[in-house]
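Examining the three-dimensional arrangement
The residues making up each chain are set out below.
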Amino acid sequence: MDSIGNALLLDGVAASGEPQVLVKDQIRVHALSPNPAQNLLIDELVELKTEIESKVGVALSSASKPIDVYLFKDELSFREFTAQSNAIFSDRRAFFVRSKDALSVYGFWGMRVAEDLRHEVTHGYLHAAFPQLDLWVDEGLAEYFEVNPDARGVNSAHVRLLGELAQNRNWRPSLQRLESITDPTQLTQIDYAESWLWVHFLISSPMGKEVLKTGLVSAGSVDRVPWSVEIQRLMGNVEQPLLEHLTQVTQHR
Ligand SMILES: [Zn+2]
């Protein structure tokens, strides 16, 4: 996720031809080479909103700001576009941009397009409803919802990485450390994985879900208590339960 101005990017899209726009609910897909499978993908992205609402227990429907998805026909055309637009994105398969007037997702039609767009459109839905989210929860939720709904939020790559690190005692979870990171370019793969784990852990219990929901709804308010403090207050020291949750997820994967 990146919250930067997107005027340059939009210019780039306009310069590459006249895209066809497919609209459903909050999603607007701009595609230069539309194909029938894109309609199925739009349906999935529309359903994603209900999925987030039911899993997290928050209402996203009041925020109906459109999410524009700029879908390039292949990786080559996407790379040509990102190379001209902004170097920060050059190594990504997709990205989300929030500007004052728009929520935009950029990606290309490829093997992992569904996963990529679920991740980025999750950012879109969240930012439409809660514009001032902490980075870790924004990314943790996107990593949770990017996996196919059948996987119940289990992100296998993260489970593997954290499982190995925990076994070798090379990592200990720290929400305090995670919530201090505000620059998306500073997030490492381990940070993404740990953010996912915190979200998966919270969603797995009624109390955790309540903490998550309350935290999202009060994001950006002046008297907002840090997540780590609120979790400690309501759930106690959760380091051990969090690690046990990781072990459980690893076993049932
Ligand atoms: Zn992201």
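The following refers to the structure shown. Only a predicted model underlies this, so the values are computations on that prediction, with no experimental measurement involved.

**Thoughts on the nonpolar core**
Core analysis: the largest hydrophobic core is formed by 61 residues, its most contacted members being I27 and L141. Here this core takes nine residues from helix α8 (residues 189-203), the largest share from any one element. Taken domain by domain, the makeup of this core includes at least three residues from each of domain 1 (7-131) and domain 2 (137-252). With near-sequence residues (within four places) excluded, I27 lies in contact with L22, I42, L45, V46, I67, V69, V121 and Y125.

**A short note on the pairing of strand β1 (residues 20-24)**
Two elements, β1 and strand β2 (residues 27-31), share five bridges in a ladder whose sense is antiparallel. Bridge pairing in β2 places V23 opposite R28. What sits between the antiparallel neighbours β1 and β2 is a turn of two residues, in which D25 has the positive phi angle 50 degrees.

**Notes on the coordination of the zinc ion**
Around the zinc ion, the protein contributes the donor atoms H119 (NE2), H123 (NE2), E139 (OE) and E139 (OE), at 2.1 to 2.7 Å from the metal centre. One can describe the site at the zinc ion as irregular: its four donor atoms subtend angles covering 52 to 149 degrees at the metal. Each donor residue of the zinc ion belongs to the same chain, and together they define the spacing H-x3-H-x15-E. With a gap of 20 residues between them, H119 in helix α4 (residues 113-129) and E139 in helix α5 (residues 135-145) connect regions that are remote in the sequence. Residues H119 and E139 agree in their burial class; the two are buried.

**Notes on the pattern of salt bridges**
Tallying each qualifying case throughout the model produces 14 salt bridges. A salt bridge links D68 to R28; its shortest N-O distance comes to 2.7 Å. Separated by 40 residues along the polypeptide, D68 in strand β3 (residues 67-72) and R28 in strand β2 bring together distant segments of the chain. What emerges from the salt-bridge pattern is a single network uniting R93, R112, E115 and D116.

**Focus on unusual backbone geometry**
The backbone of D25 sits at a positive phi, close to 50 degrees, despite the residue not being glycine. Residue position: D25 is located in the loop between β1 and β2. In this structure D25 comes out as exposed when scored by relative accessible area, which is 53%. Its identity as a non-glycine residue notwithstanding, R152 has a phi of 50 degrees, on the positive side. Mapped onto the elements, R152 comes out in the loop between α5 and α6 (156-167).

**Topic: the side chain of N155**
Of note, N155 is situated in the loop between α5 and α6. The contacts of N155, once residues within four sequence positions are left out, are E143, E146, V147 and W196.

**Looking at the packing of aromatic side chains**
Overall, the coordinates contain 10 aromatic pairs when judged by the stated rule. The interplanar angle of 25 degrees and the centroid separation of 5.7 Å between the aromatic rings of F81 and Y106 together place this pair among those described as stacked. A residue pair is termed long-range when its members are at least 10 positions apart, and F81 in helix α3 (residues 75-85) and Y106 in strand β5 (residues 103-108) qualify at 25 residues. Since its relative accessible area comes to 4%, F81 is described here as buried. Owing to a relative accessible area of 0%, Y106 belongs among the buried residues under this scheme. Ring pairing ties together the aromatic residues Y70, F72, F78, F81, F95, Y106 and F108, which thus form one cluster. Sitting above the plane of the W227 ring, R224 keeps its charged end 4.7 Å from the centroid.

Basis of the calculations
Residues numbered from 1 in each chain as written. Predicted model: local features only at pLDDT ≥ 70, side-chain atom pairs only at ≥ 80, totals over all residues. Heavy atoms only, no water. Core = buried A, V, L, I, M, F, W, Y, C linked by side-chain atoms within 4.5 Å. Buried < 20%, exposed > 50% of the residue type's maximum accessible area, 1.4 Å probe, protein only. Helix = DSSP H or I, 4+ residues; strand = E, 2+ residues; numbered from the N terminus. Domains from an automatic or database assignment. Contact = heavy atoms within 4.5 Å. Pairing = 2+ DSSP bridges. Donors = N, O, S within 2.8 Å, 3.2 Å for Na, K, Ca; no water. Tetrahedral: all angles 85-135°; square planar, octahedral: opposite > 155°, others 65-115°. Salt bridge = Lys/Arg side-chain N within 4 Å of Asp/Glu carboxyl O. Phe/Tyr/Trp six-rings, centres within 6.5 Å; stacked < 30°, edge-to-face > 60°. Lys NZ or Arg CZ within 6 Å of the ring centre and 35° of its normal.

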